[in-house]
Amino acid sequence: MNLTIPAVAAAFAAVLLAGSACQRRPLFLAENRARLELTIHDTLPEIGLVACGNLYETRLYDKSTGRLAETSYTGLRGGEINVPAGSYDLVCCTFDTESVVFSEEDRKETLTASTNPAYVATADLYRTVVRAADLDTDRNLEALPVCGQPDPLFSATVRDLVVPFRDESDETFVIAADAWPMFRCGRVLASGVTGQEYLSGATASLSGVAAGCSLADGCLLPDPSVLNIPLDKIPGQQCLQASFNTFGFLPETANHLFLLLTDTEGGRYLFHFDVTDQCSRNRGVVIIRVDLDFDVPE
């Protein structure tokens, strides 16, 4: 097809006009940062303010796959975390505890916090105590593992978190979360102990406790364990006492308290109590009271 000179000029002008219609647009840069505002409920009834750590780990689990997508670390009041656009479940908890360990972190449903088993010597002593008590009610007590006490652990969960796409010019995306205690405080009070000047040591073993919990929903791990609790002397009050932490008491599980006293000559004295009715399954401070009516021999 032959084009005349005017037709060629018109076609060239059309090309120039089309080029002039293009506009320069700024490059879209995704902003993946967000700010976590963390509120820690660290004042407990009957206890008061509890140390809640200085370092917190935030885990983001992808809603479509259920798997761990992002991990960030902040201070105890929150801070900047990495959150790309998407849908998540968020779990944030204390990270700088000495006694709590985390496992099965790849999925929210399996993420657990627990304590390590007690020293072998401690576990062996417990089994010796149970055999010496010669109980007829539950022969499975001897086989229970002995666990350590958890440090104060706080955890926050945000479900169905939808994070939009953000540009660098957008306002910072804010996530608010409340962290609640995942442990319980307790006390053991053993009254009626005289002659404490001849007492070199006292320890308690408490059965029926949980060795850990699920961080996503706070449910206790189902296998019962034993907690080892050293007791302090209070000669003026003829009392032995100790404070302890635990993840909680398992339902439909008996709680046995074994008290072992050792005098200055190495003699040992064993006491056993069924304290199930004193170990409330509800939240709150647990106070276990027993009366020994015992005079440590000279």
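Residues numbered from 1 in each chain as written. Predicted model: local features only at pLDDT ≥ 70, side-chain atom pairs only at ≥ 80, totals over all residues. Heavy atoms only, no water.

> I tried to follow unusual backbone geometry on my own but got confused; where do I start?
For residues besides glycine, phi is generally negative; the peptide bonds are generally trans as well. The backbone phi angle of Glu104 is positive, close to 50°, even though this residue is not glycine. Position of Glu104 among the secondary structure elements: in the loop between strand S8 (100-103) and strand S9 (112-115). The residue Glu252 is not glycine, and still its phi comes out positive at about 55°. Note on placement: Glu252 falls in the loop between strand S18 (239-246) and strand S19 (256-263). Since its relative accessible area comes to 84%, Glu252 is described here as exposed. (Helix = DSSP H or I, 4+ residues; strand = E, 2+ residues; numbered from the N terminus. Buried < 20%, exposed > 50% of the residue type's maximum accessible area, 1.4 Å probe, protein only.)

> How should the confidence of the model for the protein be read in this particular structure?
Interpreting fine coordinate detail is not advised for predicted regions of low pLDDT. For the protein, per-residue confidence averages 89 on the pLDDT scale, and 89% of positions sit at 70 or higher. No element of the protein has a lower mean pLDDT than helix H1 (residues 5-20), which averages 52, and none a higher one than strand S4 (residues 56-62), which averages 97. (pLDDT = per-residue confidence, 0-100.)

> Got a minute to help me understand the sheet that holds strand S16 (residues 224-230) in this structure?
Sheet strands line up and pair through hydrogen bonds in the backbone, either parallel or antiparallel. An order of S10-S16-S14-S19-S20 is seen for the five strands of this open sheet, with the pairing classed as mixed. The sheet terminates laterally at strand S10 (146-147) and strand S20 (268-274), the two strands that pair on one side only. Bridge count between strand S14 (residues 199-210) and S16: seven bridges; the pairing is antiparallel. What sits directly across from Val209, in S16, is Ser225. (Pairing = 2+ DSSP bridges.)

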